[in-house]
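Now for the letters of each chain:
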Amino acid sequence: MLNHSLTATSSLEQWLTYLETLHPTEIDLGLDRIKQVAKNLALQTPFVTITVAGTNGKGSTCTILDAILRAAGYKTGLYTSPHLVHYNERIQLNGELATDAQITQQFFRIEQARGEVSLSYFEFATLAALLMFEQEKVDVAILEVGLGGRLDAVNMVDADCSILTSVDIDHIAYLGDSREAVGWEKAHVFRPGRPAICADPLPPESVERYASEIGADLWLFGKDFNYSGDSQQWAYGGREQRRAGLAYPSLRGVNQLLNASAALAALEALNMKLVVSAQAVRSGLNRASIPGRLQILPGEPLVVLDVAHNPHAAGALAQNLDQMPCTGRTLAVLGMLNDKDAAGVLRLLIDRIDSWYVASLEGPRGLSSRDLAALLNGVKKMGAVQSNPQEVGASDGDRKPGVRPAAGKRVNYFETTVRECENPVKAFEQALTDAQPNDRILVFGSFATVGPVLKHLGRDPR
């Protein structure tokens, strides 16, 4: 049923409260509903579109693409999810967050057009972003897939180029319990005859098979594009294009060269539609910034924030911690959702953490601090898996060539302390109270963990 009390000038908070209760389930995959409403709206996508799917690395890849294309002089639209602090983070126009008024105007249009069709929270957001990009006449739209690919709302768009960053097991209830099943779902963002960039160094056979079945122009990492580098600079090599003498991306992390090379492969594949100079690439790599991805807040103690929430991302985080010297202890603030492999994440990081501050997350998907502490104690009893990147899914392609991971400090995880806290902010405050100047505090496990701490610290993404 339509809500006749909300208008284009109603507050964004009022609209979001309404959207949270509109659809019977939070996650409801399928394209029929959103396509019907898009048809009612006469939605057009005259801009170049790049769709980015994958288990991890989507947000960073989108950010790198957006920064490079803006440096090249293109007007960009960027759609990502979820948000850390403000809903507006999901929709950006030329590097600026959409305003409340811009968003509510599109929400009102969608509400008037949907008739009896029920839309999910994410479907409303996707349509709002596309309507805004059409209205603002962007040159390029970069769209991050929310979940999977085949039935995700973003997949209603026939992208000019698709990127698959990585494939690992996550969202088992929706995508399957094997890399082959997950890869098949995510590969459905590919389109016949159009470039499909796969940055996973060891993609499941299902990805290549699906690309072949539909006749997509598949670009494989290690075959069609690659990177090389030393301690000072790196180079991208594609099918016909080479970009040398590049500074390392401003985004931190062992996997950022893989993300950057995927972005450059997409731009090479689209070179007949998008002209991007070497200077624009250098400028974009230097300017790209995204909060909550190995974000380091300098000072004493050092604070590291990372939204890693599955074993694949935890393996990369473990390797990043190994490469960051710390003379003191590492105190971890952790909050996770109950549909994530929390035990798998804990096994990969437990021998790097001296003290744990586990926090309850709100909502039906939030794990309680008690449950998280029980999982942690269970992992202690079972023993930790040493996070050799080859064992946890962080492949050779996630590392700089010729650079071996540092050994890293290992702690006796049987002696680590565990404190249960009401929420992430209280957990962080307790960790801050307990920390010494030479310690570091790691905040990770979920957007819902990192976001509140960022807001508490006054590090507003706005």
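This one's a predicted model, so the numbers in the text were calculated from it and none came from an experiment. (Residues numbered from 1 in each chain as written. Predicted model: local features only at pLDDT ≥ 70, side-chain atom pairs only at ≥ 80, totals over all residues. Heavy atoms only, no water.)

Draft legend 1. Layout of the packing of aromatic side chains. Inspection of every chain in the model, using the stated rule, returns 11 aromatic pairs. Plain terms: the ring middles of W15 and F107 are 5.9 Å apart, the flat faces sit at 50° to each other, and that makes the pair tilted. Of the two residues, W15 is situated in helix α1 (residues 12–22) and F107 in helix α4 (residues 100–113); the sequence distance between them amounts to 92 residues. Considered together, W15 and F107 belong to a single accessibility category, that of buried residues. Look at Y227 and W234: their rings are 6.4 Å apart centre to centre, the planes differ by 85°, and that puts the pair in the edge-to-face class. The two residues Y227 and W234 agree in class, both being buried. Every member of this aromatic cluster is reached through a ring pair, and the members are W15, Y18, Y87, F107, Y121 and F124. (Phe/Tyr/Trp six-rings, centres within 6.5 Å; stacked < 30°, edge-to-face > 60°. Helix = DSSP H or I, 4+ residues; strand = E, 2+ residues; numbered from the N terminus. Buried < 20%, exposed > 50% of the residue type's maximum accessible area, 1.4 Å probe, protein only.)

Draft legend 2. Structural view of the pairing of strand β9 (residues 226–229). Where β9 meets strand β10 (residues 234–237), 4 bridges bridge the pair, whose relative direction is antiparallel. By the bridge assignment for β10, Y227 is matched with Y236. Hairpin geometry of β9 and β10 is characterised by an intervening segment of 4 residues between the two adjacent antiparallel strands. (Pairing = 2+ DSSP bridges.)

Draft legend 3. Summary view of the sheet that holds strand β4 (residues 96–97). Taken in spatial order, the 8 strands of this open sheet run β4-β3-β2-β5-β1-β6-β7-β8, and their pairing is mixed. Of all strands in the sheet, those with a lone pairing partner are β4 and β8 (217–220), marking the two edges. Pairing between strand β1 (residues 48–53) and strand β5 (residues 140–144): 5 bridges, direction parallel. Across the sheet, the residue bridging to I50 is I142, located in β5. Contacts from helix α3 (residues 58–71) reach β1, β2 (76–79), β5 and β6 (161–164), with the element oriented near 170° to β5. (Contact = heavy atoms within 4.5 Å. Axes fitted to C-alpha atoms, helices over the stretch in contact; angles between N-to-C directions.)

Draft legend 4. Quick look at the packing of α1 against α4. α4 packs onto α1 with a crossing angle of 40° between their chain directions and a minimal axis gap of 9 Å. Considering their axes alone, α1 and α4 lie oblique with respect to each other. With respect to the hand of their crossing, α1 and α4 are arranged in left-handed fashion. Residues L12, W15, L16, Y18 and L19 of α1 form the contact with α4, whose own contacting residues are D100, I103, T104, F107, F108 and E111. (Parallel < 35°, antiparallel > 145°, perpendicular 65-115°, else oblique. Left-handed = near helix turned anticlockwise from the far one by under 90°.)

Draft legend 5. Highlighting helix α15 (residues 424–434). The complete set of buried residues in α15 reads P424, A427, F428 and A431. Buried residues in α15, looked at end-on, bunch into an arc of 100°, giving them a common side. Buried residues in α15 make contact with β13 (302–306), β14 (330–334), β15 (355–359), β16 (417–421), β17 (440–444) and α16 (447–456). For α15, the N-terminal cap is N423; the gap from its side-chain oxygen to the backbone nitrogen of V425 is 3.2 Å. (Arc of directions from axis to C-beta. Polar contact = N/O pair within 3.5 Å; in protein donor to acceptor, adjacent residues only side chain to side chain.)

Draft legend 6. Expanded view of the environment of P204. Note that P204 resides in the loop between β7 (195–198) and α8 (205–214). Given a relative accessible area of 3%, P204 falls into the buried group. Between the alpha carbons of P204 and A343 there is a distance of 24 Å; along the sequence they are 139 residues apart. Those residues in contact with P204, other than ones at most four positions away along the chain, are V167, R179, E180 and G183.

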